Structures are given as structure tokens and as C-alpha cells.
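This is what each chain is made of:
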Amino acid sequence: QQQVKQSPQSLIVQKGGIPIINCAYENTAFDYFPWYQQFPGKGPALLIAIRPDVSEKKEGRFTISFNKSAKQFSLHIMDSQPGDSATYFCAAGSSGNTPLVFGKGTRLSVIA
Amino acid sequence: EAGVVQSPRYKIIEKKQPVAFWCNPISGHNTLYWYRQNLGQGPELLIRYENEEAVDDSQLPKDRFSAERLKGVDSTLKIQPAELGDSAVYLCASSLEGLGEQYFGPGTRLTVT
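What counts as what
Every chain is numbered independently, its residues counted from 1 as its sequence is written. Here the convention is simple: chains get letters from A, ligands get numbers from 1, in the order in which they are written. In keeping with the predicted nature of the model, local features appear solely for residues at pLDDT of at least 70, side-chain atom pairs appear and are counted solely at 80 or more, and the whole-chain, interface and lining totals rest on all residues. The side-chain quantities take in all heavy atoms of the structure and omit both hydrogens and water. Labels follow the DSSP assignment, with helices taken as runs of H or I lasting at least four residues and strands as runs of E lasting at least two, numbered in each case from the N terminus. As a reference, a globule follows 2.2 Å times the number of residues to the power 0.38, and the radius of gyration itself is taken over C-alpha atoms. A simple rule labels every residue: compare its accessible area, found with a 1.4 Å probe on the protein chains alone, to the largest value its type can have, and call it buried under 20%, exposed over 50%, or partly exposed in between. We call two residues in contact when some of their heavy atoms are within 4.5 Å. Every accessible area reported is derived by Shrake-Rupley at a probe size of 1.4 Å, with residue values counting cover from the shown protein chains alone. Residues scored as charged are limited to Lys and Arg (positive) and Asp and Glu (negative), so that His and the chain ends carry no count. Think of each charge as sitting on NZ of Lys, CZ of Arg, CG of Asp or CD of Glu. Put simply, a nonpolar core is a bunch of buried Ala, Val, Leu, Ile, Met, Phe, Trp, Tyr and Cys residues held in one set by side-chain atoms that sit within 4.5 Å of each other. Here the buried area means the combined drop in accessible surface, using a 1.4 Å probe, for two parts upon being joined, counting both sides. A carboxyl oxygen of Asp or Glu within 4 Å of a side-chain nitrogen of Lys or Arg is what we treat as a salt bridge. Nitrogen and oxygen atoms within 3.5 Å of one another constitute a polar contact, given that in protein one can donate a hydrogen and the other can accept it, and given that sequence-neighbouring residues count only through two side-chain atoms. One requirement defines pairing of two strands: DSSP has to find at least two bridges between them. Two rings from Phe, Tyr or Trp (for Trp, the six-membered ring) form a pair when their centres are within 6.5 Å of each other. A pair whose planes differ by under 30 degrees is stacked, one over 60 is edge-to-face, and the rest are tilted.

Asker: So what's going on with the overall build of chain A? Which residues, and what values?
Answerer: A count of helices and strands for chain A gives zero helices and 11 strands. Its C-alpha atoms give chain A a radius of gyration of 13 Å, within 12% of the compact-globule value 13 Å for 112 residues. Along the longest, intermediate and shortest principal axes, the C-alpha atoms of chain A span 40 × 30 × 20 Å. For chain A, the proportion of its 112 residues judged to be buried stands at 44%. At a minimum sequence separation of 6, the contacts of chain A that also span at least 24 residues come to 53%. Accessible area of chain A: about 5400 Å², with a carbon and sulfur share of 49%. One finds the centroid of the 11 positive side-chain charges in chain A at a distance of 6 Å from the centroid of its 7 negative side-chain charges.

Asker: Go over the overall build of chain B with me, naming the residues and quoting the values.
Answerer: Regarding its fold elements, chain B presents zero helices and 11 strands. Starting at the N terminus and ending at the C terminus, chain B contains elements arranged as β-β-β-β-β-β-β-β-β-β-β. The C-alpha radius of gyration computed for chain B amounts to 13 Å, which stays within 12% of the reference 13 Å derived for 113 residues, consistent with globular compactness. Here the C-alpha coordinates of chain B stretch approximately 35 × 25 × 25 Å along the principal axes. Residues counted as buried form 46% of the 113 residues belonging to chain B. Across chain B, the fraction of contacts at a sequence separation of at least 24, relative to all contacts at a separation of at least 6, is 55%. The distance from the centre of the 12 positive side-chain charges to the centre of the 15 negative ones in chain B is 9 Å.

Asker: Outline the nonpolar core, supporting the account with residue identities and numerical values.
Answerer: Across soluble globular proteins, nonpolar side chains have a tendency to be buried as a group. Counting residues in hydrophobic clusters, the biggest one holds 23 residues, and the most contacted among them are Val4(A), Tyr25(A), Phe33(A), Trp35(A), Phe73(A), Leu75(A) and Tyr88(A). Where this core is concerned, the elements lending two or more residues are strand 3 (20-25), strand 4 (33-38), strand 5 (45-50), strand 7 (62-67), strand 8 (72-77), strand 9 (86-92) and strand 11 (106-111) of chain A. It is strand 9 of chain A that contributes the most residues to this core, four residues altogether. Beyond its immediate stretch of four places on either side in the chain, Tyr25(A) contacts Gln3(A), Val4(A), Phe30(A), Phe33(A), Phe66(A), Lys68(A), Lys71(A), Gln72(A) and Phe73(A). Residues Phe21(B), Leu32(B), Phe65(B) and Ile79(B) belong to the second largest nonpolar core, which totals 21 residues.

Asker: Account for the interface of chain A and chain B, naming residues and giving values.
Answerer: Counting residues at the interface gives 18 residues for chain A, matched by 17 residues for chain B. Between chain A and chain B, the buried area comes to about 1400 Å², and carbon and sulfur atoms account for 55% of it. The largest per-residue losses of area from chain A upon contact with chain B belong to Pro44(A), Pro99(A) and Phe102(A), which jointly make up 30% of the total buried on that side. For the pair chain A and chain B, the number of links is zero salt bridges. For the pair chain A and chain B, the interface holds three residue pairs in polar contact (both at pLDDT 80 or more).

Asker: Provide a residue-level description of the pairing of strand 5 of chain A, including the pertinent values.
Answerer: All names here are of chain A. Bridge count between strand 4 and strand 5: five bridges; the pairing is antiparallel. Counted as the bridge partner of proline 34 is alanine 49 from strand 5. Here strand 4 folds back onto strand 5 in antiparallel fashion, the turn holding six residues, of which glycine 41 has a positive phi close to 80°.

Asker: Before we move on, can you summarise the packing of aromatic side chains with the specific residues and values?
Answerer: The relation between two aromatic rings is expressed through the spacing of the ring centres and the mutual angle of the planes. All names here are of chain A. In this structure the tally under the stated criterion is 15 aromatic pairs over all chains. Pairing tyrosine 25 with phenylalanine 30 gives two aromatic rings, centres 6.2 Å apart and planes at 55°, and the pair type is tilted. Relative accessible area serves as the criterion here: at 7%, tyrosine 25 is assigned to the buried category. Residue classification places phenylalanine 30 among the buried positions, given a relative accessible area of 3%. Arranged with centres 4.8 Å apart and planes meeting at 45°, the rings of phenylalanine 33 and phenylalanine 66 form a pair that is tilted. A residue pair is termed long-range when its members are at least 10 positions apart, and phenylalanine 33 in strand 4 and phenylalanine 66 in strand 7 qualify at 33 residues.

Asker: Which residues make up unusual backbone geometry, and what values go with them?
Answerer: That bond from Ser7(A) to Pro8(A) is cis: its omega, -5°, falls within 30 degrees of zero. Structurally, Pro8(A) is set in the loop between strand 1 (4-7) and strand 2 (10-14). Despite not being glycine, Asp79(A) shows a phi value in the positive range, around 45°. You will see that Lys16(B), though not glycine, has its phi angle at about 80°, which is positive. The exposure class of Lys16(B) is exposed, given its relative accessible area of 65%.

Take it as geometry only, folks, not as evidence of what the structure does.
Pasting the structure below:
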């Protein structure tokens, strides 16, 4: 049973565009929603995370939007650059005893 | 500060052979995770340690997989015997405590032929 559904599977944007990656979760006990960035041959790196007490969090060019009622959250990358080309994973977990569950990933390509 | 260290980075073995992966977490991190990442998929948790205790191993195929974290620092994940379907990247991660922010190592890419 997949508890976190991520879309799209792949995404191509022009440099300067704003790619948006969406995730939906099922388990209402989840209260921690991180996004990870992974380059080929590397492990996932924590990018930004949000907890459900806020609807939006921004760190640099990366923004998470969170909709608790819809059980959805999304990642926006402002002014995207070719160096942002990577695979992005959303995840969900609980500060209780539920480990992180990852989405299947979105392969982003930013073309100049 | 050094990140999570894993070795080897790559391993090619024939099916039915044993294999072991090693992980050294970030200094001071009490929680250690082993994940398996299949091609084109997100990481899937195999086992989680709090110090030297395995607190979540429900997804670990115990008939062939085993893990240990002696002294609550380094950890080893073993597969014996390996099967073709075990080909994947095995990731180790650590966090300061509980289910906090996780930091991943570079992974070990296993190919079983």
C-alpha cells in the first residue's frame, strides 16, 4: 500500500521556470513532510521540510505549500536553474513512531 | 562535519553469495536507518536502530537479511544468500534522535548476477 503518491513522474522546464511537484498522503497521523533532492550516484539530501501547523514554508528558492484538509503538499522551485536538475522525493512521517514513507520521485530537468 | 559514510560504494556478486555493507553514521546521531532503493523508486525502510536496539525491522526480509549495530555506532547489513531481486542501492541514514531530520550516505550499489 503506497501511502504517499507523488506526481508527476518527470518534468521538463525552461531555465527560470517554476516547476511544481505534488504529493498526497493517506495517513492522518503524519505530521512531518520533508522533501529530498537526489543527484545521480548520491544519496538523498534534505532540502526543506514542513509540519502541519503552517500552510507554507520558504527557504531560498524552494517553497512548500501544505493543505492539511486535502492531505496534499507540494514543492515549488522559483527561478529554476540547470543545476536543479535532479530527482526530488517527497516523504511523510510522524513524530510518534511512524518512519518516513517516500514517494516514487520526480525526475526534474531544467533546460537552458 | 563528516557525513554518513558507507562502504563499499559498489558491489557485484553472483547469486547465492553473501554480501555485507557497512555504515558509519554522523557523530552523535543515535538513530540509524537502512533503506533499499530500487531503480526509479523512493527509498524503502528496511530497519531502524535507536542506539544499539532495532526498533523497527518489520520490512527486513529476515530469512536472508540481517543487521547489527554493535556499541550503537557503526552498523552492518548482510544478505545471505543474495538473490537477483536484491540488486538495488542500499542507503544508510542517521538522525540525531527519534524520527528527526535524516541524513543519507551515498549508498552502496549492489548488482547480483
